[in-house]
Amino acid sequence: MTGIWGIVNVTPDSFSDGGRYLDVDHGVAHGLRLRAEGATVLDIGGESTRPGAERVGTAEEQRRVLPVIERLAAEGVPVSIDTLNASTAAAAVRAGARIVNDVSGGLADPEMLAAVAESGADYAIGHWRDFSDDMYAHAEYRRAAREVAGELQERMGAAAAAGIAPSRLIVDPGIGFSKKGGQNWGVLRGLDQIVALGPRVLIGTSRKRFLAETLGADPAEVSEARRDLATAVTSALAARAGVWAVRVHDVGATRDALAIAHAWEG
């Protein structure tokens, strides 16, 4: 069965649910609720990576995420830390996180690969070309899936050189990161090229702008419920393409979609 990563944004400014779970108690309660709905991993983030987001300092990021990670890990919940920063990754693993989810694949912080290697945690490598405030300036592709696969392979090589075993790697083609509208669909249609790289594959389409655009309306007017339904469909199709896990806000809807898809396949 395809795994489901539940998103816990402990931030004031994430694109979909910023501010809802900034309080530690609210963040922990939300994580436990997602776990009860079927999340296999909880991905905790303290810095928004939405388009145009401003960076936050590592001290503030850690103030937001570490108490949540400690409490969820103490409950026996598998936890991932969603961060671009090596110091936050290391602190999160000490607090109980088992996975470092770095959307930049080690490009944002030159110390990240060494920190992950030393930590022993698994490492999710995202496809990334620049920080959120300028990422669309780099959204140029001729064959999106092939180029993304090639750049991920380069990051896998860098991780191996830093001492991270291939068995610890997860790759994420970075849907929405330095990719516009149809480029995201090009990557999704070419998921076989990402799966062929070898490591486990993580996909995150949840509530993203390209889904709303595809529904033929002003993205600002597309409700959360409609985005969640679209996410559940893309998650089921990604599972059929062989991905290891999907990263979503609405775990229950995706759980149901995956159950139906797996039943269809027998």
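Residues numbered from 1 in each chain as written. Predicted model: local features only at pLDDT ≥ 70, side-chain atom pairs only at ≥ 80, totals over all residues. Heavy atoms only, no water.

The backbone phi angle of serine 178 is positive, close to 55°, even though this residue is not glycine. For arginine 207, which is not glycine, the phi dihedral falls at a positive 60°. Counting through the fold element by element, arginine 207 comes out in the loop between strand S7 (200-203) and helix H8 (209-214). (Helix = DSSP H or I, 4+ residues; strand = E, 2+ residues; numbered from the N terminus.)

So, about helix H4 (residues 112-119). Taken as a whole, H4 has its buried residues at Met112, Leu113, Ala115 and Val116. What you see down the axis of H4 is that its buried residues fit within an arc of 160°, all on one side. Tucked into the core, H4 has its buried residues touching helix H3 (86-95), strand S4 (99-102), strand S5 (122-126) and helix H5 (144-161). Positive backbone phi, at 85°, marks glycine 120, one or two positions downstream of H4. (Buried < 20%, exposed > 50% of the residue type's maximum accessible area, 1.4 Å probe, protein only. Arc of directions from axis to C-beta. Contact = heavy atoms within 4.5 Å.)

A full pass over the atoms with the stated rule returns two aromatic pairs. Centroid distance tryptophan 5 to tryptophan 244: 6.1 Å. Interplanar angle 80°. Geometry classified as edge-to-face. Here tryptophan 244 lies in the loop between helix H9 (224-240) and strand S8 (245-248) and tryptophan 5 lies in strand S1 (residues 3-9), a separation of 239 residues in the sequence. Where tryptophan 185 meets phenylalanine 210, the ring centres are 5.0 Å apart and the plane angle is 70°; that geometry is what we call edge-to-face. Of this pair, tryptophan 185 sits in helix H6 (residues 181-189) while phenylalanine 210 sits in helix H8; the two residues are 25 residues apart in sequence, bridging distant segments of the chain. Its relative accessible area of 24% is what places tryptophan 185 among the partly exposed residues. Geometry around tryptophan 244 places arginine 200 over its ring, the cationic atom sitting 4.9 Å from the centre. (Phe/Tyr/Trp six-rings, centres within 6.5 Å; stacked < 30°, edge-to-face > 60°. Lys NZ or Arg CZ within 6 Å of the ring centre and 35° of its normal.)

The strand order around the closed barrel formed by eight strands is S1-S2-S3-S4-S5-S6-S7-S8, and the pairing between neighbours is parallel. When the angles between neighbouring strand axes are averaged without regard to direction, this sheet yields 25°. Note: S1 against S8, four bridges, orientation parallel. For glycine 6, the partnering residue across the bridge sits in S8 and is valine 248. (Pairing = 2+ DSSP bridges. Axes fitted to C-alpha atoms, helices over the stretch in contact; angles between N-to-C directions.)

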